[in-house]
Amino acid sequence: MVKIAAAAIVATATLAASTAFAQAKPEDAIAYRQGAFKVIGWNFGPMAGMVQGRIPYDKDGFAKRAANVAAVAAMPLEGFGPGTDAGAPTKAKPEVWSKADDFKAKMMKMNEEATKLAAIAKTGSLDDIKKQFGATGATCKACHDDYRNK
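Residues numbered from 1 in each chain as written. Predicted model: local features only at pLDDT ≥ 70, side-chain atom pairs only at ≥ 80, totals over all residues. Heavy atoms only, no water.

Student: Quick question: what am I supposed to make of the overall build of the protein here?
Tutor: A tally of regular secondary structure across the protein gives six helices and zero strands. The order of helices and strands in the protein, counted from the N terminus, is α-α-α-α-α-α. A fraction of 73% describes how many contacts in the protein between residues 6 or more apart in sequence connect residues 24 or more apart. Accessible area of the protein: about 9,100 Å², with a carbon and sulfur share of 63%. (Helix = DSSP H or I, 4+ residues; strand = E, 2+ residues; numbered from the N terminus. Contact = heavy atoms within 4.5 Å. Areas by Shrake-Rupley, 256 points an atom, 1.4 Å probe, with all protein chains shown as cover.)

This is the structure we're talking about:
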């Protein structure tokens with residue numbers, strides 16, 4: 001009974017949050033997605049330094065940053081709703097909206113690879129981490145190449 005009640009509460013809260021978000025102003029949605037991307041970048045940079053040997057590898061630090069990226073990776077997609085192509089400065093290309101299915105697929109692939117990276121980071125095997133970090137970074141690059149102005 002407690003599990004059913006908890007599930008109902010979570011479902012109600014999720015519905016309320018999604019309804020409220022759907023009513024967000026375009027500038028708020030843009031700020032939301034840009035904030036999520038900043039969190040990803042904040043964590044991705046030091047991981048890149050570790051896999052490239054520019055900074056010392058720290059197993060626990062890397063795992064923490066990988067978990068942070070995995071936790072946030074799906075969030076930016078919410079901020080690309082209809083009408084969020086304007087309203088605040090943005091680097092998003094118009095193709096984000098005109099090729100929305102491809103954009104969404106690429107964002108979900110990044111989320112999937114980031115989740116794998118977080119799991120592999122727990123093992124501490126730097127060779128495995130480097131390989132998955134490359135795969136994760138490639139998904140970021142694919143979106144940047146097609147959907148982000150420089």
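Student: What exactly am I supposed to notice about the confidence of the model for the protein here?
Tutor: Low pLDDT means the predicted coordinates in that region are not meant to be read closely. For the protein, the average pLDDT comes to 89, and 85% of its residues sit at 70 or higher. Ranking the helices and strands of the protein by mean pLDDT puts helix H3 (residues 59-72) first, with 98, and helix H1 (residues 2-22) last, with 43. Every residue in residues 1-20 is under pLDDT 50, and counting partners more than four places away or in other chains gives zero contacts. (pLDDT = per-residue confidence, 0-100.)

Student: So what exactly am I meant to see when it comes to helix H2 (residues 26-51) here?
Tutor: An α-helical segment advances 3.6 residues per turn. Residues three or four places apart therefore align on the same side. Taking 1.5 Å of rise per residue, the 26 residues of H2 would be expected to cover 38 Å, and the 37 Å separating its terminal C-alpha atoms lies within 8% of that figure. Residues Ala 29, Ile 30, Arg 33, Ala 36, Ile 40, Asn 43, Phe 44, Met 47, Ala 48, Gly 49, Met 50 and Val 51 constitute the buried set of H2. Directly after H2, the chain includes Gly 53, whose backbone phi takes a positive value near 80 degrees. (Expected span 1.5 Å × (residues − 1). Buried < 20%, exposed > 50% of the residue type's maximum accessible area, 1.4 Å probe, protein only.)

Student: Which parts of the structure should I look at to understand the packing of H2 against helix H6 (residues 126-147)?
Tutor: Helix-helix packing: each pair is described by the crossing angle between the helix axes and the interaxial distance. For the pair H2 and H6, interaxial distance at closest approach is 10 Å and the crossing angle is 135 degrees. Classified by the interaxial angle, the pair formed by H2 and H6 is oblique. The two elements H2 and H6 meet at a crossing, and its hand is left-handed. Of the residues in H6, those touching H2 at Phe 44, Met 47, Ala 48 and Val 51 are Ile 129, Lys 130, Phe 133, Thr 136 and Gly 137. Looking at side-chain class alone, the contact of H2 with H6 contains six nonpolar, two polar and one charged residues. (Axes fitted to C-alpha atoms, helices over the stretch in contact; angles between N-to-C directions. Parallel < 35°, antiparallel > 145°, perpendicular 65-115°, else oblique. Left-handed = near helix turned anticlockwise from the far one by under 90°. Nonpolar A, V, L, I, M, F, W, Y, C, P; charged D, E, K, R; others polar.)

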